[in-house]
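# Topology and contacts: notes
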Amino acid sequence: MKTTSFFLCCMLMTFFAFSQTKNRLSFFYSPAANGVDIKEDWIGDMGHTGKGANLFELTYSRSVNSFFSVETGLQYAHHKIETEFFPDGVSHYKKSEINMVTIPISGNLTFLKYFFAEAGPTFDFELSRSSSASVNNQSGIGLAFGVGGKYTFRKITLMVNPFFQRHLLLSLGSGETIEHLWQSGIKFGIGYDF
C-alpha cells in the first residue's frame, strides 16, 4: 500500500510541477488480446489461454521539447483467462478474471510529425484477488512499448497506438514468479492539449 501511495503522490506532484507548460490529458480504450506465459523450465500439467481483455487508460503527457515527452497515468484492465489442467489424466477447465491497475511511466518520441514510439516500465497492482485464482498474483514491475500515429486539430489530438505490455518482470511480493500475464492490441485515444 505504501508503494501505491508513493507513486500516486509522484504522479500528482509531476502534474502540478508542469502545470504552466505544454501538457496533454488523454483517454484511451483498447479491446486487447492477452495470455499467460509460463516459465520455460517449469514442469506442470496446466496451460493458460487468454480470452481477451478490456483496457481503459487516463494519461498525462508533458512535452520536454517538440519531439519528446514524458508520460504517466492510470490504467485499468480486466482480463479473462481460461486454465486447462490434468490432475487425473482428464482435461479440466477453470475460468479466471484478473483486474489490474497499472501506473505506466514512459518516454514518447515523435517522428515525421504524425508518428510516435513509446516505452517504459509499468507498476502493476492486481485488485480483488480470489483464493481460487489459477494464475500467480501479477503485482509487480512490468514493461510496455508501442508505436502509433496521431493527428492534432487545434487542442484536440486523436491517436491510434498498437502496443504490447508484459507484467511481472519483477515481483513486489515473495515467491517465485512462474506465470507472466501479457496483453497486446490497439489503443484508441483522444487527448486535450493545455
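All residue numbers here refer to positions counted from 1 along the written sequence of the relevant chain. Totals for whole chains, interfaces and linings use every residue, but because this is a predicted model, local features are given only for residues with pLDDT of at least 70 and side-chain atom pairs only at 80 or more, for both listing and counting. Where side-chain values are given, they derive from all heavy atoms of the structure, hydrogens and water being excluded.

## Examining the overall build of the protein chain
- Each helix and strand in the protein chain was counted, giving 1 helix and 8 strands.
- Start at the N end of the protein chain and walk to the C end: the helices and strands fall as α-β-β-β-β-β-β-β-β.
- The contact criterion used throughout is that any non-hydrogen atoms of two residues lie within 4.5 Å. Put simply, of all contacts in the protein chain between residues at least 6 apart along the chain, 63% involve residues at least 24 apart.
- Computed by Shrake-Rupley with a 1.4 Å probe, the accessible areas treat only the displayed protein chains as cover when residues are assessed. Accessible surface, the protein chain: about 10900 Å² in total, of which carbon and sulfur atoms supply 65%. A run of H or I in DSSP counts as a helix once it spans at least four residues, and a run of E counts as a strand once it spans at least two, with each numbered from the N terminus.

## Quick look at the environment of Lys22
- Turning to its location among the elements, Lys22 is positioned in the loop between α1 (2-17) and β1 (23-38).
- As for Lys22 and Ser66, which are separated by 44 residues in sequence, their C-alpha atoms are 9.9 Å apart.
- Not counting residues within four places of it along the chain, the set of residues in contact with Lys22 comprises Ser61, Arg62, Ser63, Asp193 and Phe194.

## Overview of unusual backbone geometry
- With a phi close to 50 degrees, Leu112 is a non-glycine residue in the positive phi region.
- Overall, Leu112 belongs to the exposed group, its relative accessible area being 66%. Note on classification: 1.4 Å probe, protein chains only; a residue is buried when its accessible area is under 20% of the maximum for its type, exposed when over 50%, partly exposed between these limits.

## Looking at the packing of aromatic side chains
- Pairing of aromatic rings covers Phe, Tyr and Trp, the last counted by its six-membered ring, and requires centre-to-centre distances within 6.5 Å; plane angles under 30 degrees mean stacked, over 60 mean edge-to-face, and any other angle means tilted. Considering all chains together, one arrives at 6 aromatic pairs under this definition.
- Aromatic side chains Phe111 and Phe115 sit 6.2 Å apart centroid to centroid with 25 degrees between the ring planes, which places their arrangement in the stacked category.
- Taking the relative accessible area as the measure of exposure, Phe111 reaches 38% and is therefore partly exposed.
- These aromatic residues form a ring-pair network of at least three members: Phe145, Phe164 and Trp182.
- In this structure, Lys187 packs its charged tip against the face of Phe28, placed 5.4 Å from the ring centre.
- Our definition puts a charge over a ring when NZ of Lys or CZ of Arg is within 6 Å of the ring centre and also within 35 degrees of the ring normal. Here Lys187 stacks its cationic end above the ring of Phe163, 5.2 Å away from the centre of that ring.

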